[in-house]
Each structure stands twice: as C-alpha cells, then as structure tokens.
Amino acid sequence: MARAELMDFDKALELFEPVIGLEVHVELNTTTKMFSPAPNPANSAYHGAEPNTLVSPVCLGLPGSLPVVNGDAVRSSISLGLALGCSIAPSSRFARKNYFYPDLAKNYQISQYDEPIAFEGSVQVELVNGRVFDVPIERAHMEEDAGKLTHVGGSTGRIQGAEYSLVDYNRAGVPLVEIVTKPIFGAEADAPELAKAYVSTIRDIALSLGISEARMERGNLRCDANVSLRPRGAEQLGIRTETKNVNSFRSIERAVRYEIQRQAAILAKGGSITQETRHWHEDTGTTSPGRPKSDADDYRYFPEPDLLPVVPSAELIEELRAALPEPPAAHRRRLKAEWGFTDLEFQDVANSGLLVELEETVKAGATPAAARKWWTGEIARLANAAGQDAASLVIPEHVAELAQLVDAGTLTDRLARQVLEGVVAGEGSPQQIVDARGLAVVSDDGALIAAIDEALASQPDVLAKIRDGKVQAAGAVIGAVMKAMHGKADAARVRELVLERAQG
C-alpha cells in the first residue's frame, strides 16, 4: 500500500484547526463477566487462560441463555463516573447494538445508548509545558467486550490476505466502561500530547479506584482517537476519522499527529476526508483505512428486553462518592511532598507517564529516588530502544527488588543493568537471575585481596606511585581487579583494599 502524503505539522496548523475526540474503553477487573458467571480474563487471576476456556452459554450466544447484570461491574462503573466528575443517572438502560462480526456470537452487543449510567463530567489534564486542560466528558456507559480474532497467514496479521481466522470467546462479555469526550477545541499544536496525557490520566484514575488492571499492552485500556480538521475561521466541523484500539500512550500521540498531517495534505489539495475507522500500524507509524464509520441509526439500537433498567439508590451513590480516592492533581501534589522531589524531578516523572509505576515501586520497598532512577533512566532507555511503553517491560515489584539488591550491596549498578535486561527478556525475577547467572557482587575480601595482590605485583610502577602518595594512580589497579572479577566487585571496597595493601 502506497504511503500517504503528509503535510508538515506546523504548516497543517497554519491552515487548519484540529478538533479531537477520544473514546477510552476500560475493562473492569470484576471476578466474573458483565452478564454471565464465566471468569473474567481482565482480572489478573485469569489472564493468559487457554482460548475458549472462560466461556458460558451467555458468552457464546446459545439459545435460551439469558444475561444477568454483574452488580460489582455496576458499582465500579458508578465509581468511575463519579471520579470523572459525571452525574449519575437515577435510571439507565441497556440497549442492543446490532451488527455482525464473527467474534460477536449473539450478532449484537449489549451496550447503553441514550440512557448511559454517567454523563456530563470533566477531567483536568496537565501537559509537559504546564498547560492545563479541562477535557469535557459527554458520557460513560457500560457494555460488554467482544471476543478476539486471530488471522493466520498473510503478512499483516489482518483479515486481508489471511488464510483463515481463529476466534477466542474468552474476552466476549468482559465488562467495559466506554468514556466518550465531547469535541475538544483549542488544543492546537498540543492536540497529540493532550490525547496521550488524557488517556494516561484515565489510566491513573482507574488504577487508583482499583477497578481495572489498566494494562494497555493487554488491552485492558484502549483508545479510539477521533480527529477532524476545519479551515481557520470556519464554524462547521470537518469530517472525522476514528483510529481504533490504539493501545499505548506513545502510539496515541503519534496516531493523532499522523492523522492531522494526513488529512491536511488531502484537504489542501481540494480533496475530501472519508468518514471511516482506521487502523494504527506501530511499525510504520501510519494509519490505514478500516471500514466506513457507521452512524447510530445503522446499529438499530433498541432497549435490551432481557434486562431491567439500572436504578442505583441515592445511598449507594453517596457511599461510592465518599470512597473516592483523592483527585489526580491532589494525589500528585501529595506524592511530590512525601517523596521530597524537586519541581524538576517530579515533572520528569509526571512527563514520563510512569507516576503509577513509581508509586507501586515505592510501595513494594524501593526508595523514591531509586524508583525514579530506574524507571526514568535504564527502563525508559530500554523501552525507547524497543519502541514500547516502559510499563509494559517490567512490573514495579521487580524494580523494587532490583533496587533493594543494589542497596544491600548484592549488585553494583553495572550488574543491576544486566539483571534488568534479563527481567525484560523474561528470565525471571531479579533474584532468580542473580542466582542463575551468578551475578552477585564478590563480597569475600580474601578473593579480592588475591586479585589485588596480583594486580599490584604486575604493576610495580603504579605501586610505587601509590606509596609516594599519588593515590589517583590506584585507578589502574582497581580497573584490573574489576576486570578479573568480571565486574562483580564493589569498586569502593576494592579501592579501600588497594590502598591498604599498597601501604602494607
């Protein structure tokens, strides 16, 4: 497929105003699915199950099976709506959204249409440059997820060119909350970063509520990014495209930027934009056409006849409101004070999108300084090299364990970097890798002294300089000892012993 023509980003902004809208799908981590007693694979206890093992007659759309609403999912949805500043509907109704796709066994999805559980909210989002946006929320509604198709054969992993497709219904029926923003105006050049920061904020909220694993690499959190352009000074909105199921912060930012440049190039030449869904390709940093975007009428929504309206009591709503965690902005201020970070240090963490990971790492036993060092340093470097989000490479508990091994003197920073690479490669926990590779620091002074004596004997000129008070000459001996120990020695202890032995 020919690569689309792109306009320079700054030139595109001179000619057109970007308007974005974001739809974020949050998979809830309830024990069971939205409308059936089948285990929920979005709960970490069931993640990775064999295909088509977490199913029930309801998930499979078998005749005679009836849905039953998951009360825990309703409570989680209300909590999320409240955290988004939304009003909670005194009565909301499920609806059937009719369309056919092989991973949707019933040929319809149970969702909510004109009576969502939460509506009219806003979320405050802060960008790297300090600019603050109040992102308007139109609605947050409950629905069920579809299954998953795997297309086998072909070069793209998509249905076009595939030899056959496999369907896994484990995900069918997973409880979802879809959060839909109103059109977001005024972001201008910050539109791509705003999209990324907004989704990061939604993730932080979901994690703080404890209602979702919110791991984008697993599909627990997905974003559909709507982008349209209108000529400067125009009132009417342009035709939008919807880039579907973008599942990393980095990709969200890149996808919005790409669509602005692609659409601008078409419009500048007098062309028109097709209202359609588009697929994001991480490897090429491009989007490609999906299907024409359907309007609501095409789905033939009608009230779900097998389910009663959801009518939460005022007491339940107030109970859940009272249990809300502190808002993200207040949470960040508290962490900054508790951790003792400077403005610059904390901004570095916030900009990295790794605040949740740092907090979990500190809870797991690392010092704030060590957590920041590893996440924004070596882990971020590995993530950039791999073109992935840092949070997808390693879990906070392993980072804390690594930091503790360094603090205990079991590992040097150099050895710890080797261990980290092993963790990322899936070799096990830090301690398991230390044991398997024999990477622990040599703490036996006897072994160090033997290596030091040998190094001093082979460099008599250096020994003479040290004895003459030129202690900086010890660096050559320390280097030789570290090489002999394969880097598995504490350089400070080696230096101490070198000076001691040289004077002996």
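Quick notes on the rules
- Residues numbered from 1 in each chain as written.
- Predicted model: local features only at pLDDT ≥ 70, side-chain atom pairs only at ≥ 80, totals over all residues.
- Heavy atoms only, no water.
- UniProt positions renumbered as here; feature names shortened; annotations may be inferred.
- Salt bridge = Lys/Arg side-chain N within 4 Å of Asp/Glu carboxyl O.
- Buried < 20%, exposed > 50% of the residue type's maximum accessible area, 1.4 Å probe, protein only.
- Helix = DSSP H or I, 4+ residues; strand = E, 2+ residues; numbered from the N terminus.
- Pairing = 2+ DSSP bridges.
- Domains from an automatic or database assignment.
- Buried area = accessible area lost by both parts, 1.4 Å probe.
- Polar contact = N/O pair within 3.5 Å; in protein donor to acceptor, adjacent residues only side chain to side chain.
- Phe/Tyr/Trp six-rings, centres within 6.5 Å; stacked < 30°, edge-to-face > 60°.
- Lys NZ or Arg CZ within 6 Å of the ring centre and 35° of its normal.
- 1 Å grid on protein atoms, 1.4 Å probe; cavity = no way out; pocket = protein on both sides within 12 Å on 5 of 7 lines; lining within 4 Å.
- Points joined across faces, edges and corners; volume = space filled by probe spheres on them.
- Nonpolar A, V, L, I, M, F, W, Y, C, P; charged D, E, K, R; others polar.

Going by an unreviewed UniProt entry, the chain carries the name Aspartyl/glutamyl-tRNA(Asn/Gln) amidotransferase subunit B and comes from Agromyces humatus. Heading Sequence similarities (unreviewed entry) of the UniProt record for the chain holds this comment: "Belongs to the GatB/GatE family. GatB subfamily." You can read under Subunit (unreviewed entry) in the UniProt record for the chain the words "Heterotrimer of A, B and C subunits."

A. How the structure looks around the pattern of salt bridges. Counted according to the given criterion, the structure contains 34 salt bridges. Residue glutamate 217 pairs with arginine 215 through a salt bridge whose shortest N-O separation is 2.7 Å. Given a relative accessible area of 38%, glutamate 217 falls into the partly exposed group. Here glutamate 427 ties to arginine 437 by a salt bridge, and the two come within 2.8 Å at their closest N and O atoms. Remark: arginine 437 occurs in helix H12 (residues 430-437) and glutamate 427 occurs in the loop between helix H11 (413-424) and H12; sequence separation between them is 10 residues.

B. Examining the sheet that holds strand E4 (residues 108-111) more closely. Reading across the sheet, the 3 strands line up as E4-E3-E14 and stay open at both edges, with antiparallel pairing between neighbours. Each end of this open sheet is capped by a strand with a single partner; those strands are E4 and strand E14 (302-303). The sheet contact formed by strand E3 (residues 95-98) and E4 spans 4 bridges and is antiparallel. Note on E4: the bridge partner recorded for asparagine 98 is tyrosine 108.

C. Local environment of the pairing of strand E9 (residues 175-181). Burial analysis of E9 places 7 of its 7 residues in the buried class, which makes it a mostly covered element. The side-chain alternation of E9 yields two buried faces, one formed by Pro175, Val177, Ile179 and Thr181 and the other by Leu176, Glu178 and Val180. Sheet topology places strand E1 (residues 16-27) next to E9; 5 bridges connect them, and they run antiparallel. Following the sheet pairing, valine 26 is matched in E9 by valine 177.

D. Quick peek at the domain arrangement of the chain. When cut into domains, the chain gives domain 1 (9-145 + 175-317), domain 2 (326-437) and domain 3 (445-503). Computed from C-alpha coordinates alone, the two centres of domain 1 and domain 2 are separated by 29 Å. Looking at the side of domain 1 facing domain 2, the largest losses of area belong to Val128, Arg203 and Arg250, adding up to 33% of the total buried there. The residue glutamate 357 makes a salt bridge to arginine 203 at a minimum N-O spacing of 2.1 Å. Between domain 1 and domain 2 we count 2 residue pairs in polar contact (both at pLDDT 80 or more) in total. Secondary structure elements with two or more residues in the side of domain 1 that touches domain 2: strand E5 (118-126), helix H3 (191-209) and helix H4 (249-268).

E. Structural detail: the packing of aromatic side chains. Scanning the entire structure with this criterion turns up 6 aromatic pairs. A centroid spacing of 5.8 Å and a plane angle of 65 degrees characterise the contact between tyrosine 99 and tyrosine 299, whose relative ring orientation is edge-to-face. Placement of tyrosine 99 in the loop between E3 and E4 and of tyrosine 299 in the loop between strand E13 (286-292) and E14 is noted, with a sequence separation of 200 residues between them. Here tyrosine 299 falls in the buried class, since its relative accessible area comes to 9%. Ring-pair connections join several aromatic residues into one group, and the members of that group are Tyr99, Tyr113, Tyr299 and Tyr301. Its end group placed over the ring of phenylalanine 9, arginine 257 keeps NZ or CZ at 4.0 Å from the ring centre.

F. Spatial organisation of the layout of surface pockets. Looking at the second largest pocket, its volume works out to about 570 Å³. Of all elements in the fold, only E5, H3, helix H6 (328-339), helix H7 (343-352) and helix H8 (355-363) reach the threshold of two or more residues within the lining of the second largest pocket. The two domains that each donate at least three residues to the lining of the second largest pocket are domain 1 (9-145 + 175-317) and domain 2 (326-437).

G. Inspection of empty space enclosed by the protein at higher detail. Across all of its chains, the model carries 2 cavities of 30 Å³ or more by this definition. Lining the largest cavity, in full, are Cys59, Asp103, Leu104, Ala105, Lys106, Glu144, Asp145, Ala146, Gly147, Ala172 and Gly173. The residue makeup of the lining of the largest cavity, split by class, is 5 nonpolar, 2 polar and 4 charged. Around the second largest cavity sit Lys33, Met34, Phe35, Ser36, Val58, Cys59, Glu144, Ala172 and Gly173, which together line it.

H. The side chain of arginine 96, seen in detail. Position of arginine 96 relative to the elements: it lies in strand E3. Here the side chain of arginine 96 touches tyrosine 108 through a polar contact of 3.3 Å, side chain to side chain.

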